[in-house]
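# A look at the structure
So the chains spell out like this:
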Amino acid sequence: MFPSLESKSIHNFFDDFITKDLFDWTDRNFAAIGSNLPSVNLKETDTEIEVELAAPGMKREDFKVEVDNDMLMISSEKEEKKEEVSKKENFIRREFNYQSFSRTFSLPETIDENKIEANYKDGILHVVVGKKEGAKKRTLKSIPIQ
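One structure accompanies this document, and this report is about it.

Rules of the game
- Residues numbered from 1 in each chain as written.
- Predicted model: local features only at pLDDT ≥ 70, side-chain atom pairs only at ≥ 80, totals over all residues.
- Heavy atoms only, no water.
- Helix = DSSP H or I, 4+ residues; strand = E, 2+ residues; numbered from the N terminus.
- Buried < 20%, exposed > 50% of the residue type's maximum accessible area, 1.4 Å probe, protein only.
- Contact = heavy atoms within 4.5 Å.
- Areas by Shrake-Rupley, 256 points an atom, 1.4 Å probe, with all protein chains shown as cover.
- Pairing = 2+ DSSP bridges.
- Axes fitted to C-alpha atoms, helices over the stretch in contact; angles between N-to-C directions.
- Core = buried A, V, L, I, M, F, W, Y, C linked by side-chain atoms within 4.5 Å.
- Lys, Arg positive; Asp, Glu negative; His and termini not counted.
- Salt bridge = Lys/Arg side-chain N within 4 Å of Asp/Glu carboxyl O.

### With respect to the overall build of the protein chain
Scanning the protein chain from N- to C-terminus turns up 2 helices and 7 strands. In the protein chain, the succession of helices and strands from N to C terminus is α-α-β-β-β-β-β-β-β. Residues counted as buried form 22% of the 146 residues belonging to the protein chain. Long-range contacts, defined as pairs at least 24 residues apart, comprise 50% of the intrachain contacts of the protein chain with a sequence gap of at least 6. When the accessible surface of the protein chain is totalled, it reaches about 12300 Å², and 50% of it is carbon and sulfur.

### Re the sheet that holds strand β5 (residues 91–106)
Taken together, the 3 strands give an open sheet; going across it, the order is β3-β4-β5, and neighbouring strands pair in antiparallel fashion. Each edge of the open sheet carries a strand with a single partner, namely β3 (63–68) and β5. Neighbouring strand axes in the sheet, compared pairwise and without regard to direction, differ in orientation by 10° on average. Across 16 bridges, strand β4 (residues 71–86) lies against β5 in antiparallel orientation. For Met71, the partnering residue across the bridge sits in β5 and is Ser106.

### As for the sheet that holds strand β1 (residues 40–44)
An order of β1-β2-β7-β6 is seen for the 4 strands of this open sheet, with the pairing classed as antiparallel. Every other strand in the sheet has two partners, leaving β1 and β6 (111–121) as the edge strands with one partner each. Between one strand axis and the next, the sheet turns by 15° as a mean value, whatever way the strands run. Sheet topology note: the strand β2 (residues 48–54)/strand β7 (residues 124–131) ladder contains 7 bridges and is antiparallel. Bridging from a neighbouring strand, Leu53 pairs with Leu125 of β7.

### Quick word on the nonpolar core
Among the nonpolar cores identified, the biggest contains 16 residues, and Leu53, Phe63, Leu72, Ile74, Leu125, Val127 and Val129 are the most heavily contacted of them. Secondary-structure elements contributing two or more residues to this core are β2, β4, β5, β6 and β7. In this structure Leu125 touches Val51, Glu52, Leu53, Phe63, Val65, Ile74, Asn119 and Tyr120, once residues within four positions along its chain are discounted.

### Considerations on the side chain of Glu50
Its location among the elements puts Glu50 in strand β2. Notably, Glu50 is buried but unbridged: the nearest opposite-charge side chain belongs to Lys43, and the N-O separation is 4.3 Å.

### Observations regarding the environment of Ile116
Inspection of the secondary structure puts Ile116 in strand β6. Note on Ile116: relative accessible area 26%, which makes it partly exposed. With 13 residues separating them in the primary sequence, Ile116 and Val129 have C-alpha atoms 4.5 Å apart. In contact with Ile116, other than residues within four places in its own chain, are Val67, Val127, Val128 and Val129.

So this is what it looks like as structure tokens:
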């Protein structure tokens with residue numbers, strides 16, 4: 001009625017669980033469980049690329065936005081410390097919280113590094129990357145399936 005512990009499927013389940021989930025510290029695993037990677041909306045027009053990153057509860061000085069070799073990098077590091085002391089009740093409580101993330105996006109060669117603006121309002125970091133004058137957006141090409 002119940003599979004034996006010697007069953008291959010049971011062994012595979014535990015092997016996969018231990019080796020793939022617990023020891024997988026890549027961004028892929030964190031994104032899958034919705035950890036510290038904020039959600040992003042990307043939009044491209046003829047004149048610019050817009051990035052909206054959802055990061056409620058942060059301040060604009062918590063972010064770092066950089067462009068290097070056609071890569072847009074958005075990162076943040078935030079540390080909070082709290083301490084409670086009560087001599088009357090004879091306790092000390094200290095707590096700290098550390099949050100960080102980094103998102104990187106490949107940019108086309110048509111961007112103008114001098115036309116980049118970023119602002120943070122209502123929990124959304126909005127980054128606009130302008131394109132060079134005369135840069136054309138590539139047209140969609142449909143490929144027939146045979």
